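Letter by letter, the chains look like this.
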Amino acid sequence: MSSCVGVSHSTESRAAAPKFPDLYEASIAELQSGLESGHFTSVDLVKAYFARIEEVNLQGPVLRAVIEMNPSALAQAKALDLERRLFGPRGPLHGIPILLKDNIATLHSEGSFALLGSVVPRDAGVAARLRAAGAILLGKANLSEWANFRGSVPSGFSGRGGQASSPYVPLGDPSGSSSGSGIATAIGLTAAALGSETDGSIVAPSSNNNLVGIKPTVGLTSRAGVVPISEHQDTVGPMARSVADAATILTVIAGKDPLDNFTLAQPPVVPDYTKALNVNALKGVRLGVARQFAGNNPVTLAAFNASVEIMRGLGATIVDPAIFPDFAEIRASGNETIVLDTDFKVDVNKYIAGLVEVPTGVTNLADLIAFNTAHAAEELPPPFWTSQSIFIAAENTTVDQAYFDALAADKDLGQTRGIDATLAEFNLDALILPTSGAAGPAAIAGYPLVTVPLGFTPPNTTLSPAMPTRSSGPNMPFGISFMGTAFSEFKLISYAFAYEQATHNRLKQLAFAAAIPKTQLQDIVGKE
């Protein structure tokens, strides 16, 4: 479908009221321009997003993208509108509504009933940075409960939020664990969202929901106040409709935080990632194709191979294949499971201990397992959502020599003999590969990824059965990833931007009609 075919409202309404950007695709810069011009206010924007959420979240296609809307969002918007009039904007996110994955704490919870009503000591570090930049915390996005670390449970399910699904394929798999962040951003229920990733949880739902996602280097963004899986692999990043929007948000949320000692190892100055937005960034760059991780899906590979040629045409030197010397060892390794299971028990117990109040009385992982068993109707409903296998495996871990050996092996396999060895061997600036294969090596290394829309499954793709979500169907999006060494986000963003601007893949296919909300700013502005 071409990008000129109506996104939500017709092109006539655009001609009649050009001052109102279409919320399906509106960029942060467009929204900021409209706010600065006085065409609409942040209060209008929050009302419009709330109305759009109401249309599709629990009604219509019942996408279940949003767990809760922030009851203070309108008050925040009103205060920020007044501040804008009196003093001007704080920066590019002033008055812009952003949705947070529900595992990111705000003063007021994770999609599990076990932590319902718990009181956190402070905003998560990234939430505090958004607030300070003038962003409006619009609400909390649904997620794969416990960031998909409870057991063998479909992506996008939480006890509180229910089963989320794709806006591109009815009941389609939204991927996870940042499922709601992906769904909501894809169809303009928010300007953008934050997700978190341990292994794939930003890039996979960004890929499945036709978005740009940035998985930062572990330690570039604070994890303080984020429900953890592993301090060695967890990271928080933006999910947005464009590279520019994602770069704008990353610039705000990156930086040191005394409450997360991993951030103290980052470079002394956080760059302004919007300065990386250069359409000529691929000229003279050496990109390696990580073929071993590219998979064998013919549709994905055809689109990916075409994109490799586009990048060659943009002036990049392509090394294909760029062979990982330790590929077989990475594939055979079970070290990540040992590290994550062990870290989760330690880190989640520490997180719960740091809460001011937990009305359910849970104090540790063993209590969480018992709580779920006692509240099985909500937390473990049959037939798809009964598993606690990962919780149970994690509870049975101890911090022992095998754990420390696994941690060292992951660093060696992912960094030293993995991504860094491959970059050095072929004298590369970055690696490229389909997003479906990108998460694993970057996860164990703690290294960054940027995913950008690449393509869609053909319209004649068979609709697979809903179990409870569909693994395949027509028009399902998929992405391409740029992978690099530690703290190479600036370069990766520049390459991703050049590719995005040359292809504009995102609007080649819209969400299915019922999943596109109708409410636009012109329906809100000037009306009580």
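Our structure's up above, just so we're on the same page.
1. Looking at the side chain of Glu83
- Note on placement: Glu83 falls in helix 4 (residues 73-87).
- Looking at Glu83, its side chain comes within polar contact range of the side chain of Arg90, at 2.7 Å.
- The contact partners of Glu83, leaving out residues within four places of it in the chain, are Gly88, Arg90 and His94.

2. Section: helix 12 (residues 335-353)
- Look at helix 12: 27 Å from first C-alpha to last across 19 residues, which is about the 27 Å you get at 1.5 Å a residue.
- At its buried positions, helix 12 is contacted by helix 6 (145-148), helix 13 (365-374), helix 15 (389-395), helix 16 (401-425) and helix 17 (439-445).

3. So, the packing of aromatic side chains
- Scanning the entire structure with this criterion turns up 11 aromatic pairs.
- When the ring of Trp146 is compared with that of Phe391, the centres are 5.6 Å apart and the planes differ by 65 degrees; the resulting orientation is edge-to-face. Here Phe391 lies in helix 15 and Trp146 lies in helix 6, a separation of 245 residues in the sequence. For the pair formed by Trp146 and Phe391, the shared burial category is buried.
- An angle of 55 degrees between the planes, with centres 6.3 Å apart, marks the rings of Phe482 and Tyr499 as tilted. Of this pair, Phe482 sits in strand 13 (residues 477-483) while Tyr499 sits in helix 18 (residues 489-503), and the two are 17 residues apart along the sequence. The two residues Phe482 and Tyr499 agree in class, both being buried.
- Taking NZ or CZ as reference, Arg223 lies 4.8 Å from the ring centre of Phe262, over its face.

4. Quick look at the side chain of Asp257
- Positionally, Asp257 belongs in the loop between helix 9 (243-253) and strand 9 (286-289).
- Nearest to the buried, unbridged Asp257 among oppositely charged side chains is Arg129, at 6.4 Å.

5. Structural notes on the environment of Ser144
- As for its placement among the helices and strands, Ser144 is situated in the loop between strand 3 (136-141) and helix 6.
- Taking the C-alpha atoms as reference, Ser144 lies 9.4 Å from Gly162; in sequence the two are 18 residues apart.
- For Ser144, the contacting residues outside a window of four places in its chain are Ser155, Gly156, Phe157, Gly176, Ser177 and Ser179.
- At a separation of 2.9 Å, a polar atom in the side chain of Ser144 contacts the main-chain amide nitrogen of Gly156.

6. Quick look at the nonpolar core
- Ranked by internal contacts, the top residues of the largest apolar core, which has 122 residues, are Leu130, Leu287 and Phe482.
- At eight residues, helix 3 (residues 42-56) tops the list of elements feeding residues into this core.
- Once residues within four sequence positions are removed from consideration, Leu287 is found in contact with Leu282, Met311, Ala316, Thr317, Ile318, Val319, Leu428, Ala430, Ile432 and Tyr495.

Conventions and cut-offs
Residues numbered from 1 in each chain as written. Predicted model: local features only at pLDDT ≥ 70, side-chain atom pairs only at ≥ 80, totals over all residues. Heavy atoms only, no water. Helix = DSSP H or I, 4+ residues; strand = E, 2+ residues; numbered from the N terminus. Polar contact = N/O pair within 3.5 Å; in protein donor to acceptor, adjacent residues only side chain to side chain. Contact = heavy atoms within 4.5 Å. Expected span 1.5 Å × (residues − 1). Phe/Tyr/Trp six-rings, centres within 6.5 Å; stacked < 30°, edge-to-face > 60°. Buried < 20%, exposed > 50% of the residue type's maximum accessible area, 1.4 Å probe, protein only. Lys NZ or Arg CZ within 6 Å of the ring centre and 35° of its normal. Lys, Arg positive; Asp, Glu negative; His and termini not counted. Salt bridge = Lys/Arg side-chain N within 4 Å of Asp/Glu carboxyl O. Core = buried A, V, L, I, M, F, W, Y, C linked by side-chain atoms within 4.5 Å.

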